[in-house]
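# A structural walkthrough
The primary structure of each chain is shown beneath.
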Amino acid sequence: RPPSGSGQAYAPPPDLRGPLAGHNGRVSEEWWAPPPEPPRAPLELHCPTLVLLVAIVAVLAGSVAGLVVHHADDSSAPHVTLGAPVAVGNSAERPQGSVAAVAAKILPSVVSIEVGGPGGGDTGSGIVISGQGFVLTNNHVIASASAGSVTVVLPDEQRVNGHVVGRDPVSDLAVVRVRNVSGLRPAVLGSSASLAVGDPVVAVGSPLGLAGTVTTGVVSALDRPVAAGDGSTQSADDLIDAIQTDAAINPGNSGGPLVDASGAVIGVNSAIATLGADPTANQQGGSIGLGFAIPIDQAKRIAAEIIAHGYATHAVIGVRLNGTYPGIGAQIADPGHNDAVVPGGPAAKAGLRAGDVIISADGHPVTSADELIVAIRKHAPGEHMTLTFVRDGKHRTVTIVLGSARSV
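Residues numbered from 1 in each chain as written. Predicted model: local features only at pLDDT ≥ 70, side-chain atom pairs only at ≥ 80, totals over all residues. Heavy atoms only, no water.

## Details of the overall build of the protein chain
To be explicit about the condition: Here a strand is any run of E in DSSP of at least two residues, a helix any run of H or I of at least four, and the numbering for each starts at the N terminus. To sort residues, take the accessible area from a 1.4 Å probe on protein chains only and compare it with the maximum for the residue type: under 20% means buried, over 50% means exposed, and anything in between is partly exposed. Under the convention used here, a 1.4 Å probe and the Shrake-Rupley method define accessible areas, while residue burial counts only the protein chains that appear.
Secondary structure assignment for the protein chain yields 4 helices and 22 strands. Across the 408 residues of the protein chain, 55% fall into the buried class. Taken as a whole, the protein chain presents about 16000 Å² of accessible surface, with 54% of it coming from carbon and sulfur.

Below is the structure:
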């Protein structure tokens, strides 16, 4: 679980990933123009029993609520000018690429998020991704905001109201907006595609409410299938292909950035593995060197769709997987399931059938249903994906045009 303080139409939607990065890698304001309404399609990949790699502990507790979109005009709110961020020691004197220099670059773009609700208050972190006031965070951080308030604490410790633009439980991402605030410094959004195990990283956020905390580590693994959300209400298919890091991440870090040695955001901190926590006793475990972040390449596309529509879409192939399959690979549910393969869906059009076992996706081995799900999650609707499967002992390879499904 995350860390916490508490119709058959498959036409692709527009590719919203690229426009997020503007000149010099900064967020471009042109990407807010709403693209055409994406089609709806059946959700897929329902795995009744999926065994995840690790036990995940919520960094911000709370049930996952439905989509919340606020259109209230708060133009009457007082205008806030962001002051100079708190000085980070003598970081200006540190060499380029040092941890201190990286911290000085990213800290002015990191905020704390406080959510009030009937069940109490929760805290998390967020990343400023636009001078227009958009802040990227985890869905589980603002999960209780539908019944309460969101307060964004700016880098200079000023407190302003935030409005939830939209949320995506499937990827555990959400966007909050603050208005009438000038001087916001958007973070540089990098790329997670070229990451390698061993790359140095820095995590920033508000663990245990301690804003502006910086921790260091390395990328310790890639493509870890990890459950999104707080583990209470999400589907078994809500998985992220997480970046694993040993940078210390604790309750309150959720929604904060994981950055590379240049200070560019390469992930959104979302979850930790822990030992000895007892959720029934309202206890939380701390970092044991296993933290997980959502890759920024996925997060950029999801954020763009949320800002444009208030919701996000995800790639689907239109099958039901057998989560209890004992062999190696991801098996499409047995013919006894009427919905094993969605009629007219991407998999059906490519000739896949119930009982087929998918063993490779885009040339990479698939050993379980979880691995196939996260491999599909890496793609946007409308993209092509190559699958190799086994039927009657024979290997076959097909290319699928991925369909689209709304997450909420």
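## What to know about the environment of Val357
Put simply, the rule reads: Contacts between residues were defined by any pair of non-hydrogen atoms, one from each residue, lying within 4.5 Å.
For Val357, the location among the structural elements is in strand β18 (residues 357–361). With 25 residues separating them in the primary sequence, Val357 and Ile332 have C-alpha atoms 6.3 Å apart. Apart from residues lying up to four places away in sequence, Val357 is in contact with Tyr325, Ile328, Gly329, Ala330, Gln331, Thr388, Phe389 and Val390.

## As for the pattern of salt bridges
Condition: Here, a salt bridge means any Lys or Arg side-chain nitrogen found within 4 Å of an Asp or Glu carboxyl oxygen.
Evaluated as defined, the whole model comprises 4 salt bridges. Linking Lys378 and Asp223 is a salt bridge whose minimum nitrogen-to-oxygen distance equals 3.0 Å. A residue pair is termed long-range when its members are at least 10 positions apart, and Lys378 in the loop between α4 (369–377) and β20 (384–391) and Asp223 in strand β11 (residues 213–227) qualify at 155 residues. Residue Lys378 is classed as partly exposed on the basis of its relative accessible area, which comes to 42%. In this structure, Glu305 and Arg301 form a salt bridge, with 3.3 Å as the shortest nitrogen-oxygen distance. Of this pair, Glu305 and Arg301 are both found in helix α2 (residues 296–309), 4 residues apart, which corresponds to roughly one turn of the helix. Under the relative-accessibility criterion, Glu305 is labelled buried at 2%.

## Quick word on the environment of Ala101
Mapping Ala101 onto the fold places it in helix α1 (residues 99–106). Assessed through its relative accessible area of 17%, Ala101 is described here as buried. Through-space distance from the C-alpha of Ala101 to that of Ala261 is 9.2 Å; in sequence the pair is 160 residues apart.

## A word on the confidence of the model for the protein chain
What counts here: Predictor confidence is given residue by residue as pLDDT, running from a minimum of 0 to a maximum of 100.
This prediction gives the protein chain a mean pLDDT of 78; 68% of its residues lie at or above 70. Here residues 4–76 is modelled with pLDDT under 50, and outside its nearest four sequence neighbours on either side it reaches 229 contacts, counting other chains as well.

## Concerning the side chain of Arg167
To keep things clear, this is the line we draw: For the charge count, each Lys or Arg is scored as positive and each Asp or Glu as negative, with His and the chain ends excluded. Within 3.5 Å is the distance limit for a polar contact, defined as a pair of N or O atoms, with the added protein rule that one can donate a hydrogen and the other accept it, and that residues adjacent in sequence qualify only through two side-chain atoms.
Mapping Arg167 onto the fold places it in strand β7 (residues 159–168). No salt bridge is formed by the buried Arg167; the nearest opposite charge belongs to Asp172, separated by 9.2 Å. A polar atom in the side chain of Arg167 sits 2.8 Å from the backbone oxygen of Ile142.

## Considerations on unusual backbone geometry
Residues other than glycine predominantly adopt negative phi, and peptide bonds predominantly adopt the trans conformation. At Glu157, a position not held by glycine, the phi torsion is positive, near 75°. Mapped onto the fold, Glu157 is located in the loop between β6 (149–153) and β7. Unlike most non-glycine residues, Asp172 shows phi in positive territory, near 60°. Secondary-structure assignment places Asp172 in the loop between β7 and β8 (173–177).

## A word on α2
Since the α-helix turns once every 3.6 residues, residues separated by three or four places project in the same direction. Note the cut-off: Take the number of residues in a helix, subtract one, and multiply by 1.5 Å to get its expected span.
The end-to-end C-alpha distance of α2, which contains 14 residues, comes to 20 Å, matching closely the 20 Å that a straight helix rising 1.5 Å per residue would cover. Among the 14 residues that make up α2, 13 are buried, leaving the element largely enclosed by the rest of the structure. Downstream of α2 by one or two residues, Gly310 has phi in the positive range, about 90°.

## Digging into the packing of aromatic side chains
Our working rule: Ring pairs are drawn from Phe, Tyr and Trp, using the six-membered ring of Trp, whenever the two centres fall within 6.5 Å, and their geometry is named by plane angle: stacked under 30 degrees, edge-to-face over 60, tilted for the rest. Placement of a charge over a ring requires the Lys NZ or Arg CZ to be within 6 Å of the ring centre, with the centre-to-atom vector within 35 degrees of the ring normal.
Taken as a whole and judged by the stated rule, the model has 0 aromatic pairs. Lying across the ring of Tyr311, Arg406 places its NZ or CZ 3.5 Å from the centre.

## What about the nonpolar core?
What counts is decided by this rule: By convention a nonpolar core is built from buried Ala, Val, Leu, Ile, Met, Phe, Trp, Tyr and Cys residues, the set being connected through side-chain atoms within 4.5 Å.
Grouped together as the largest cluster of nonpolar side chains are 33 residues, with contacts concentrated most on Ile106, Ile129, Leu136, Leu173, Val175, Val265 and Val268. Contributions of two or more residues to this core are made by α1, β5 (134–137), β8, β10 (200–205), β12 (239–245), β14 (265–273), β15 (291–295) and α2. Residue contributions to this core peak at 6 residues, all from α2. Beyond its immediate chain neighbours, meaning those up to four positions away, Val175 contacts Phe134, Val135, Leu136, His163, Val164, Val165, Gly166, Ala303, Ile306 and Ile307. Core analysis: the next-biggest nonpolar cluster, separate from the first, contains 27 residues, Leu239, Ala333, Ala347 and Val398 among them.

## Observations regarding the pairing of strand β22 (residues 403–406)
Threshold: Strands pair, by our definition, only if DSSP identifies at least two bridges between them.
Burial along β22 is two-sided: the face carrying Gly403 and Ala405 and the face carrying Ser404 and Arg406 are both buried. Inspection of the sheet shows strand β16 (residues 313–316) paired to β22 by 4 bridges, in the antiparallel sense. Across the sheet, the residue bridging to Thr313 is Arg406, located in β22.

## Side note on the environment of Leu321
By the element assignment, Leu321 lies in the loop between β16 and β17 (330–331). Of the residues examined, Leu321 reaches a relative accessible area of 1% and is grouped as buried.

## As for the pairing of β8
The buried fraction of β8 amounts to 4 of the 5 residues, a majority that puts the element mostly inside the structure. Bridge analysis of β5 against β8 gives 4 bridges, and the strand direction is antiparallel. Along β8, the bridge assignment pairs Leu136 with Val175. Of the strand pairs in this sheet, β7 and β8 are connected by 5 bridges, and their pairing is antiparallel. Directly across from His163, in β8, lies its bridge partner Arg177. Linking β7 back to β8 in an antiparallel pair, the connection comprises 4 residues, with Asp172 at a positive phi of about 60°.

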